Amino acid sequence: MIGRLLTAALLSGVLAGVLISVVHEFTTTPIILQAEQYEARGASDQAVLMRSDEISGGRFYLAHDGEDHAEGEETWAPENGLERTFFTTLSNVITGVAYAALLVAAFYMRGQKMDGRTGVLWGVAGFVVFALAPGMGLPPEVPGAMAAEVSARQTWWIFAAASTAAGLWLLFLTRHAVFNAVGVLLIALPHLVGAPFAPLGGNVPPELSAHFVAASLATALVFWAMLGWLAGASYERFVLRTETDG
Amino acid sequence: MSDQVLKASIAAQSIAQRAIPVTILAMLGVFLLYGVGFAQPDVLHNAAHDGRHSFAFPCH
């Protein structure tokens, strides 16, 4: 069984990862590259630790970052152009497979009929869990944006995603009114607690940041709709059909 | 094969039977997600940089 589930997750994840890489290349990536110009420019006149970097010509870490990045320390980074596109695509494929594995696990846990069209509904739920809910407190960031300490943001992001996932499951997939109510509470909880506070006043123009938020969320919906369909269709093909055919 | 039978064949498996594959798959997903979106070593960060920003993982 695990082999068939893995086949469905791998196939749909790799495909969705490759497809979203093409979409990102024309939507979010140009904004990231543009923002890096401001990030690099701003870094020189701020009290920040500089690190020479071939990608951006300087990536800065906020003084309260809390991480040790020695000045002048060189770390590998992909060269701009084909190499950078390759590694971005590779990382998107891994993200695709990761999300596909979680989605297929949810299909199997639910244990019901599945196809591409039903998969899209699950994909929309994935969008809410992994993009919309974390994005409410931590809007998608361009390089150079001001932000709270990274581990605090990561913790809240994971909390928001996990709480929303559990909440949606209880709200839509259980029939008991108490469970439904707990579901609503779990969806609201991360926002009642609140995301780590981010200072204002980065170097990237707010117009560019706003454009990036829209592009990131819109492409996330495209990604999740594609992944939902692909995962649903391959789950039907590789898990359900094989199972009933014997 | 009717929908009813399809549905019954997976629903008939015990929760325990389903729990193991679900756990393995979820752990794989979380492990990959951690590596691509959350791990802090510079090399991983730089390789996945644009993807992390586009998918709105907390970065930097």
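Calculation rules
- Residues numbered from 1 in each chain as written.
- Chains lettered and ligands numbered in written order.
- Predicted model: local features only at pLDDT ≥ 70, side-chain atom pairs only at ≥ 80, totals over all residues.
- Heavy atoms only, no water.
- Axes fitted to C-alpha atoms, helices over the stretch in contact; angles between N-to-C directions.
- Helix = DSSP H or I, 4+ residues; strand = E, 2+ residues; numbered from the N terminus.
- Parallel < 35°, antiparallel > 145°, perpendicular 65-115°, else oblique.
- Left-handed = near helix turned anticlockwise from the far one by under 90°.
- Contact = heavy atoms within 4.5 Å.
- Nonpolar A, V, L, I, M, F, W, Y, C, P; charged D, E, K, R; others polar.
- Buried area = accessible area lost by both parts, 1.4 Å probe.
- Salt bridge = Lys/Arg side-chain N within 4 Å of Asp/Glu carboxyl O.
- pLDDT = per-residue confidence, 0-100.
- Core = buried A, V, L, I, M, F, W, Y, C linked by side-chain atoms within 4.5 Å.
- Buried < 20%, exposed > 50% of the residue type's maximum accessible area, 1.4 Å probe, protein only.

Caption draft 1: Representation of the packing of helix 5 (residues 150–173) of chain A against helix 6 (residues 177–193) of chain A within the structure. All names here are of chain A. Where helix 5 meets helix 6, the axes come as close as 7 Å, and the angle between the chain directions of the two elements is 160°. Taken together, the axes of helix 5 and helix 6 lie roughly antiparallel to each other. Judged by the sense of rotation from one axis to the other, the crossing of helix 5 with helix 6 is left-handed. Here Trp156, Phe159, Ala160, Ser163, Thr164, Ala166, Gly167, Leu168, Leu170 and Leu171 of helix 5 lie close against helix 6, whose contacting residues are Phe179, Asn180, Val182, Gly183, Val184, Leu186, Ile187, Leu189, Pro190, His191 and Val193. Considering only residue class, the contact of helix 5 with helix 6 consists of 15 nonpolar, six polar and no charged.

Caption draft 2: Region of the structure containing the interface of chain A and chain B. Each side of the interface is counted separately: chain A has 60 residues, and chain B has 40 residues. Summed over both partners, the interface of chain A with chain B buries about 4,500 Å², with 68% contributed by carbon and sulfur atoms. At the boundary of chain A and chain B, one finds one salt bridge. Where arginine 84 of chain A meets aspartate 50 of chain B, a salt bridge forms, and the shortest distance between an N and an O atom there is 2.7 Å.

Caption draft 3: Main features of the packing of helix 4 (residues 116–137) of chain A against helix 5 of chain A. Residues and elements named next belong to chain A. Their axes nearest at 9 Å, the elements helix 4 and helix 5 cross at an angle of 140°. One way to sum up the angle between helix 4 and helix 5 is to call them oblique. Seen from above, helix 4 lies across helix 5 with right-handed handedness. Residues Trp122, Ala125, Val128, Val129, Phe130, Ala133, Pro134 and Gly137 of helix 4 pack against Trp156, Trp157, Ala160, Ala161, Thr164, Ala165, Leu168, Trp169 and Leu173 of helix 5. Looking at the contact of helix 4 with helix 5 residue by residue, the classes come out as 15 nonpolar, two polar and no charged.

Caption draft 4: Local environment of the confidence of the model for chain B. All names here are of chain B. Mean pLDDT over chain B works out to 86, with 80% of the residues at or above the 70 mark. Across chain B, the element-wise mean pLDDT spans from 58 in helix 1 (residues 3–11) up to 96 in helix 4 (residues 49–54). As scored by the predictor, the complex reaches a pTM of 0.87 and an ipTM of 0.86.

Caption draft 5: Representation of the nonpolar core. Core analysis: the largest hydrophobic core is formed by 43 residues, its most contacted members being Tyr99, Phe130 and Tyr235 of chain A. Those elements giving two or more residues to this core turn out to be helix 1 (2–26), helix 3 (82–110), helix 4, helix 5 and helix 7 (206–245) of chain A together with helix 2 (15–38) of chain B. Considering every element that reaches this core, the biggest residue donor is helix 3 of chain A, with eleven residues. In terms of nonpolar packing, the next biggest core, distinct from the first, is built from eight residues, Ala35, Val142, Leu208 and Phe212 of chain A among them.

Caption draft 6: Geometry of the pattern of salt bridges. Residues and elements named next belong to chain A. Taken as a whole, this structure holds five salt bridges over all chains when the rule is applied. Notably, a salt bridge pairs arginine 84 with glutamate 36, separated by 3.1 Å at the nearest N-O pair. A residue pair is termed long-range when its members are at least 10 positions apart, and arginine 84 in helix 3 and glutamate 36 in helix 2 (residues 28–44) qualify at 48 residues. Residue arginine 84 is classed as buried on the basis of its relative accessible area of 5%. With a shortest N-O distance of 3.5 Å, lysine 113 and aspartate 115 are connected by a salt bridge. Overall, the relative accessible area of 18% leaves aspartate 115 in the buried class.

Caption draft 7: A look at the confidence of the model for chain A. Mean pLDDT over chain A works out to 89, with 86% of the residues at or above the 70 mark. Low pLDDT (under 50) marks residues 46–70 of chain A, which in the prediction has 58 contacts with non-local residues, meaning those over four places away or in another chain.

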